[in-house]
Amino acid sequence: MLAEILRKPLVGVQHHGLPVGIPMEGCENDLVCLRNLSRHFGNPDGPAVNKVDLCVHAGEILAILGPSGSGKSTLLRLIAGFETPDTGSVLINHFVASTSSKVLPPETRGIGMVFQDYALFPHLSVVKNISFGLKGKLKGEEKRIRVAEMINLMGLSGLEHRFPSQLSGGQQQRVALARALAPQPVAIMLDEPFSNLDYNMRKEMRKDLSRILRACRTTAVLVTHDREEAMSVADRIAVLHEGKLVQVDTPLRLYSHPETPFAASLLGSANFITGEVTDSGVTTFLGEIHVETSHLSMYLQGEIVNVLMRPECLFLKENEGSVNGVVLDVDYTSSQALYEVLMYNKVKILVSAPLDSAIRTGAAVEVSADLKQKFRLFPLQ
Ligand code: ADP
């Protein structure tokens, strides 16, 4: 029901802030398009954002994932109109919103922002904070109804008259989200939205955020350095490295088919093991492994390559088989044990095992590869 209400254009409000332009070929279904976008602050280590081409599809949640300093926030600020690009353009609804010579002001772009620290007005109640997002867009009864809808959708009922200091981190975040969503933006930008929440709250808010954004059919761009967050919330992930876009793909595809060692490591624990390309696969010290034919054909027979082996593609055994390594360390997560093993050829390798596997540090073990898997290769650097 609420989702239905939210999908209707608001009476008296121009639904999207900017006029709708003519889509470029292939971008008909994209609400935000970045073309050759760069921003250089003059730092010696190069541009913060470097020639980025990226389109955000209508209705999707796109995560921008990268380590600290990779240019994520700058990219978000360029989309929202808080930064001027040095080259390239930002198109919102196919309309040019930013170029190096002209940047339309943030409030006219139809882009909602949720900041890392929520940026709520401390002296305004929940209702007044949410109403603020509708300033100049809705009045009187329409405004009151819209705010009530947002309060309902966000599960904030009963807290309408509290001030931000009287709310938990999760509740404050819901208010910030409500304020940004109330005017029905073309798209919403979320800058590290879960970083101020504790672990359990973070997991809960991730689920809520996906539910709310999907209910509203809102297009969202979420910036994060946390791969778990990106993988659990996003339809697609854009990987950023030193200002450059490395790969854009679905979480699963990025995990299983990373195009660079950087993307492979960013998406999960990764071992890189050298091997020699044969006509049917790759010979490694853990056996002859399989590779998708089209992928293998990119390499020459006899070439030495790096093979990506995720810890879950390896098996660990103690007291059986032939010993080829010693456990150096074990790290427990909520779902698995991650073993660091020093192999007899001096290579260190990560192997995952069930939590109850009870193999201890110092144990002599046999590590073997799951030879049913198809592995990914990278050129030797
Ligand atoms: P991230 O969000 O991925 O941590 P940022 O976009 O904040 O990365 O920063 C990317 C790079 O640009 C960093 O090297 C940062 O120091 C630099 N940077 C960001 N904003 C400014 C600024 N206003 N002035 C100078 N350098 C900046």
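J.: So what exactly am I meant to see when it comes to helix 6 (residues 199–216) here?
T.: Every α-helix carries 3.6 residues per turn, so stepping three or four residues along brings you back to the same face. When the terminal C-alpha atoms of helix 6 are compared, their 26 Å separation across 18 residues agrees well with the 26 Å that a helix rising 1.5 Å per residue should span. For helix 6, the complete set of buried residues consists of M205, R206, D208, L209, S210, I212, L213 and C216. After helix 6 finishes, the residue R217 shows a positive phi value of roughly 50 degrees.

J.: What is the right way to read unusual backbone geometry from this model?
T.: Negative phi characterises most residues that are not glycine, and trans characterises most peptide bonds. Of note in the backbone geometry, E192 takes a positive phi value of approximately 40 degrees without being a glycine. Note on placement: E192 falls in the loop between strand 7 (187–191) and helix 6. Since its relative accessible area comes to 9%, E192 is described here as buried. Residue A358 is not a glycine yet carries a positive backbone phi of 55 degrees. Among the structural elements, A358 can be located in the loop between strand 18 (348–353) and strand 19 (364–369).

J.: Looking at this structure, I do not really get the nonpolar core. What am I missing?
T.: In terms of nonpolar packing, the biggest core is built from 44 residues, with I130, M154, L177, L181, I188, L190 and I237 touching the most fellow members. Judged by nonpolar contacts, the second largest core, of 30 residues, contains V277, M343, I349 and F375.

J.: Is there a simple way to explain the site of the ligand in this structure?
T.: By nearness alone, every residue bordering the ligand is listed as F41, N43, A48, P67, S68, G69, S70, G71, K72, S73 and T74. Separating an oxygen atom of the ligand from a backbone N or O atom of S70 is a distance of 3.1 Å. S73 is positioned with one of its side-chain polar atoms (N or O) 2.8 Å from an oxygen atom of the ligand. Out of a free accessible area of 560 Å², the ligand has 60% covered by protein chains. For the shell around the ligand, the residue count by class is three nonpolar, seven polar and one charged.

What counts as what
Residues numbered from 1 in each chain as written. Predicted model: local features only at pLDDT ≥ 70, side-chain atom pairs only at ≥ 80, totals over all residues. Heavy atoms only, no water. Helix = DSSP H or I, 4+ residues; strand = E, 2+ residues; numbered from the N terminus. Expected span 1.5 Å × (residues − 1). Buried < 20%, exposed > 50% of the residue type's maximum accessible area, 1.4 Å probe, protein only. Core = buried A, V, L, I, M, F, W, Y, C linked by side-chain atoms within 4.5 Å. Near = heavy atom within 4 Å. Polar contact = N/O pair within 3.5 Å; in protein donor to acceptor, adjacent residues only side chain to side chain. Areas by Shrake-Rupley, 256 points an atom, 1.4 Å probe, with all protein chains shown as cover. Nonpolar A, V, L, I, M, F, W, Y, C, P; charged D, E, K, R; others polar.

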